[in-house]
Structure formats: C-alpha cells, structure tokens
Amino acid sequence: MEKAISVARAGGDNKEIPVGAVVVGNNKIIGEGYNSQKAENDPSAHAEVVALRKAAQFKSNFRLDGCDLYVTVKPCKMCREAIKRARIEKVFFASPKAREATHTTQYLRLKEYSDESVELIRSFFKKRR
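Remember, predicted model here, so these are calculated numbers, not experimental data.

Caption draft 1: Region of the structure containing helix α1 (residues 2-13). In a regular helix each residue adds 1.5 Å, so 12 residues correspond to 16 Å; α1 covers 17 Å between its end C-alpha atoms and thus fits that length. Those residues of α1 that sit buried are A4, I5, V7, A8, G11 and G12. Buried residues of α1 fall within an arc of 160° about the axis and therefore sit on the same side. Facing away from the buried side of α1 by more than 90 degrees, the exposed set consists of E2 and D13. The inward-facing, buried residues of α1 contact β1 (20-25), β2 (28-34), β3 (68-71) and α5 (114-128). Directly beyond the C-terminal end of α1, a positive phi value near 65° is found at K15.

Okay, structure coming up:
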C-alpha cells in the first residue's frame, strides 16, 4: 500500500486527482498507475485501469489470476468491473468508506492507510480552490 500511496502522490504532482494503484503478482509489482484522465484525455484512465493495463502487458495476458491490487481509494463501479474481468484475487484499499463487494473478488480495507489516503485527496482539492 505504501507504493500505491507513493504513486498517488506522483499523480497529484502531475495535477491529477491523487489516486494510486499497484498490481502484485508472485510478491512482485507487475503494474502500477495513477489517475491520468487529464494527461491522456481518457475518461477510463483511472489508477486501477492504468495499473491493470500495465500488469496485463507485463504478463502478456489480460487474465491476472493470482494477482492482488492495492489502491488508495475504493474502486468505482467501472474499475470494479475491470478488476473482475482481469480476475484479480484480492483488492486492498485505504479509503474510509467501505461496503460489501458485489463480485467474487474480495475487497479488504487497510484502515491504517486511510488517513494518509484521505489527506492526499483533501489537500489536492484544497490547493485547487
């Protein structure tokens, strides 16, 4: 999760909403990304999707069986569907609002990272006002 937070900071430094995601397979980071909708002019360029794309390229396979995803906020509906289709085993997130997952993928909140994750987003929007 620390790497996901670091990636989120990089996104914030690039004027994107600071959300970071990291895909881990065999205890190794195989994909990472931050929100990049503005930079890529792509409404689907959420951190999770960017990380999944990179992991799929790394594996040369869109099926990421046995991989886990770490993300600084709970994934949106679009990202949850991409996660499901990629066959991610577990999703760890740090956002303060958690609810039951609607898919077979397990969503597990890492509360110890919540404050830092929330503060990244709050300070980002505070600077913009």
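Caption draft 2: Unusual backbone geometry, seen in detail. Unlike most non-glycine residues, N41 shows phi in positive territory, near 50°. With respect to the element layout, N41 can be found in the loop between α2 (37-40) and α3 (47-59). Under the relative-accessibility criterion, N41 is labelled exposed at 70%. Of note, R87 is a non-glycine position whose phi angle comes to about 65°, a positive value.

Caption draft 3: Up close: the packing of α1 against α5. Packing of α1 against α5 leaves a shortest axis separation of 11 Å and a crossing angle of 0°. With respect to each other, α1 and α5 are oriented roughly parallel. Between α1 and α5, the residues in contact are I5, A8, R9 and G12 and E116, L120 and F124, respectively. The class makeup of the residues in the contact of α1 with α5 is four nonpolar, one polar and two charged.

Caption draft 4: Expanded view of the pairing of strand β4 (residues 90-93). Summarising the sheet, β3 and β4 pair through four bridges and their orientation is parallel. Its bridge partner being in β4, L69 is matched across the sheet by V91. As for the winding sense of the linkage, the β-α-β connection from β3 through helix α4 (residues 77-86) to β4 is right-handed.

Caption draft 5: Focus on the packing of aromatic side chains. This structure, assessed with the given rule, holds two aromatic pairs. Arranged with centres 4.7 Å apart and planes meeting at 15°, the rings of Y70 and F92 form a pair that is stacked. Residue Y70 is located in strand β3, and its partner F92 is located in strand β4; the two are separated by 22 residues in the primary sequence. We classify F92 as buried; its relative accessible area is 13%. Their ring planes at 80° and their centres at 5.1 Å tell us that F124 and F125 sit as a pair that is edge-to-face. Taking the relative accessible area as the measure of exposure, F124 reaches 9% and is therefore buried.

Cut-offs and rules
- Throughout, a residue's number is its position along its own chain's written sequence, starting from 1.
- Where local features are concerned, this predicted model is filtered to residues with pLDDT of at least 70; where side-chain atom pairs are given and counted, the filter is 80 or more; whole-chain, interface and lining totals use all residues.
- Processing note: side-chain calculations cover all non-hydrogen atoms of the structure and skip hydrogens and water entirely.
- A run of H or I in DSSP counts as a helix once it spans at least four residues, and a run of E counts as a strand once it spans at least two, with each numbered from the N terminus.
- Here a helix's expected span is defined as the number of its residues, less one, multiplied by 1.5 Å.
- Three exposure classes are used, based on accessible area relative to the maximum for each residue type with a 1.4 Å probe and protein chains only: buried under 20%, partly exposed in between, and exposed over 50%.
- As used here, the arc is the angular range of directions from the helix axis to the C-beta atoms.
- In this description, contact between two residues means that some pair of their heavy atoms is separated by no more than 4.5 Å.
- Here, axes are lines fitted to C-alpha atoms. For helices the fit covers the stretch in contact, and angles between N-to-C directions go from 0 to 180 degrees.
- An angle below 35 degrees is read as roughly parallel, one above 145 as roughly antiparallel, one from 65 to 115 as roughly perpendicular, and any other as oblique.
- Put simply, Ala, Val, Leu, Ile, Met, Phe, Trp, Tyr, Cys and Pro go in the nonpolar bin, Asp, Glu, Lys and Arg in the charged bin, and everything else, Gly too, in the polar bin.
- Whether two strands pair comes down to DSSP finding at least two bridges between them.
- Crossovers are described as right-handed under a simple rule: with the strands pointing away from the observer, the path leading from the first strand over the helix to the second runs clockwise.
- Any pair of Phe, Tyr and Trp rings, taking the six-membered ring for Trp, is counted once the centres come within 6.5 Å. Such a pair is stacked with planes under 30 degrees apart, edge-to-face with planes over 60 apart, and tilted for the rest.

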